[in-house]
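Residue-level structure breakdown
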Amino acid sequence: MSSLIASEDQLRWRALQKFRRLVLADPLCSDLGKSLLDVAGRLQDDKCISQTFEDAFAGKATSTLVRRSGSLQRYANWVVEQGLGNPLEFTEPLLYRYMGYLREKEAAPTVADSFLRAMVFTFHCCGLRHAPIDSLLSSRVKGASEAQFTSKRPLQQAVPLTVEMVAALEVRACGNPEEYETLTYACVYLQAAVSQMQLASPKWRCQHMLVFVWWKLKRFITRRQRTKSVRQHSFL
């Protein structure tokens with residue numbers, strides 16, 4: 001299981017590779033691409049080029065890079081399949097056409113909104129200059145995105161786990177700390193998201209679960225003592 005869980009460095013590297021491929025497909029399309037050409041023109045090694053690219057996204061969270069690169073990569077694949085040129089050369093008609101494509105394919109309601117956010121993100125980080133961002137985000141483009149987003153199903157509280165479910169999960173989790181059940185068990189007791197716990201090692205999860213269980217047990221004992229004390233005073 002641990003081999004299937006990508007570390008934060010791996011996730012960040014994969015996301016940056018997606019941006020790098022798009023930028024280097026036409027370096028003259030962006031300020032970042034021109035900077036990379038300047039570094040390459042001075043016969044700098046590939047390590048210096050990679051460092052320049054990493055510095056451009058240094059202030060961005062890994063989770064943000066993963067989301068934005070994924071949305072942009074889906075759009076780039078569509079542009080290439082349609083033979084519409086460089087994916088980073090955004091135009092208003094092309095964006096509206098992509099909104100229509102997402103609607104026809106019945107994509108998830110948040111896909112269009114995520115893509116527009118990824119496009120704005122790329123504009124600022126890569127320095128795209130061929131068209132003003134305001135002219136691209138026309139009323140019909142934003143309207144098509146909002147129309148799809150409003151069809152999103154309202155969030156509903158998940159069915160809570162029963163005592164029997166948690167007990168069975170505990171038995172499985174204690175058997176092998178590498179199993180997926182341990183990850184789920186840690187999320188239950190640490191009240192954490194799966195994405196957060198995937199970045200933690202099995203040893204870290206086990207240690208913090210023990211601390212959390214000890215803390216919960218201590219709170220429970222303290223409450224029982226307080227309740228007992230209150231009842232004694234009431235009786236007196």
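Up top you'll find the structure we're talking about.
This text gives an overview of the structure that appears in the document. (Residues numbered from 1 in each chain as written. Predicted model: local features only at pLDDT ≥ 70, side-chain atom pairs only at ≥ 80, totals over all residues. Heavy atoms only, no water.)

**Concerning the packing of helix 6 (residues 111–126) against helix 8 (residues 139–149)**
Put simply, the rule reads: Only C-alpha atoms enter the line fits that serve as axes; for helices the fit covers just the stretch in contact. Angles between N-to-C directions range over 0 to 180 degrees. Working definition: helices are DSSP H or I runs of at least four residues, strands are E runs of at least two. Numbering for both runs from the N terminus. For this classification, under 35 degrees means roughly parallel, over 145 means roughly antiparallel, 65 to 115 means roughly perpendicular, and everything else is oblique. Whether two residues are in contact is decided by their heavy atoms, any of which lying within 4.5 Å being enough. By the convention adopted, Pro, Cys, Tyr, Trp, Phe, Met, Ile, Leu, Val and Ala count as nonpolar, Lys, Arg, Asp and Glu as charged, and the other residues, Gly among them, as polar.
Across the interface, helix 6 lies against helix 8 with an axial gap of 7 Å and an inter-helix angle of 140 degrees. Our classification of the angle between helix 6 and helix 8 gives oblique. Residues A112, D113 and L116 of helix 6 touch helix 8, and the partners they reach there are V141, S145, Q148 and F149. Residues that form the contact of helix 6 with helix 8 fall into these classes: four nonpolar, two polar and one charged.

**Concerning the pattern of salt bridges**
Which entries qualify depends on this criterion: In what follows, salt bridge is the name for a side-chain nitrogen of Lys or Arg lying within 4 Å of a carboxyl oxygen of Asp or Glu. The cut-offs for exposure are 20% and 50% of the maximum accessible area for each residue type, with area from a 1.4 Å probe on protein chains only; residues under the lower value are buried, those over the upper are exposed, and the others partly exposed.
One pass over the full model with this rule turns up two salt bridges. For the salt bridge of R140 with E92, the shortest nitrogen-to-oxygen distance reads 2.7 Å. Here E92 lies in helix 5 (residues 92–104) and R140 lies in helix 8, a separation of 48 residues in the sequence. Taking relative accessible area as the criterion, E92 reaches 16% and is therefore assigned buried. A salt bridge links R117 to D113; the shortest N-O distance between them is 2.9 Å. Taken together, the residues R117 and D113, both in helix 6 and four residues apart, mark about one turn of the helix.

**Side note on the side chain of S71**
Our working definition: Pairs of N or O atoms are called polar contacts if they sit within 3.5 Å, as long as, within protein, a hydrogen donor faces a hydrogen acceptor (for residues adjacent in sequence, only side-chain-to-side-chain pairs).
Within the element layout of this structure, S71 appears in helix 4 (residues 62–82). The class for S71 is buried, based on a relative accessible area of 6%. At a separation of 3.4 Å, a polar atom in the side chain of S71 contacts the side chain of R74. Beyond its immediate chain neighbours, meaning those up to four positions away, S71 contacts S114, F115 and A118.

**Notes on the side chain of N86**
Here N86 shows up in the loop between helix 4 and helix 5. The residues touching N86, leaving out its near neighbours within four places in the chain, are D26, C29 and V79.

**Observations regarding the packing of aromatic side chains**
Aromatic ring pairs are reported here in terms of the distance separating the ring centres and the angle at which the planes meet. To keep it simple, the criterion reads: Working definition: rings of Phe, Tyr and Trp (its six-membered ring) pair if their centres are within 6.5 Å, and the pair is stacked with planes under 30 degrees apart, edge-to-face with planes over 60 apart, and tilted otherwise. Whether a charge sits over a ring comes down to the Lys NZ or Arg CZ being within 6 Å of the ring centre and within 35 degrees of the ring normal.
Counted under the stated rule, the structure contains 14 aromatic pairs. A centroid spacing of 4.9 Å and a plane angle of 70 degrees characterise the contact between Y98 and F115, whose relative ring orientation is edge-to-face. Of the two residues, Y98 is situated in helix 5 and F115 in helix 6; the sequence distance between them amounts to 17 residues. The residues Y98 and F115 share a single accessibility class, namely buried. Among the aromatic residues, ring-to-ring pairing joins Y75, W78, F90, Y98, Y101, F115 and F123 into one connected group. Directly above the aromatic system of Y96 lies the positively charged group of R140, at a separation of 4.2 Å from the ring centroid.

**Describing the environment of A144**
Of note, A144 is situated in helix 8. If sequence neighbours within four positions are ignored, A144 has contacts with Y96, M99 and R103.

**Quick notes on helix 5**
As a reminder of what qualifies: Expected span of a helix, by definition, is 1.5 Å for each gap between consecutive residues, and there is one gap fewer than residues.
Taking 1.5 Å of rise per residue, 13 residues should cover 18 Å, and helix 5 covers 19 Å from first to last C-alpha, within 8% of that figure. Looking at the packing, one finds that the buried side of helix 5 touches helix 4, helix 6, helix 7 (133–136) and helix 8. Phi for E106, located one or two positions after helix 5, is positive at around 55 degrees.

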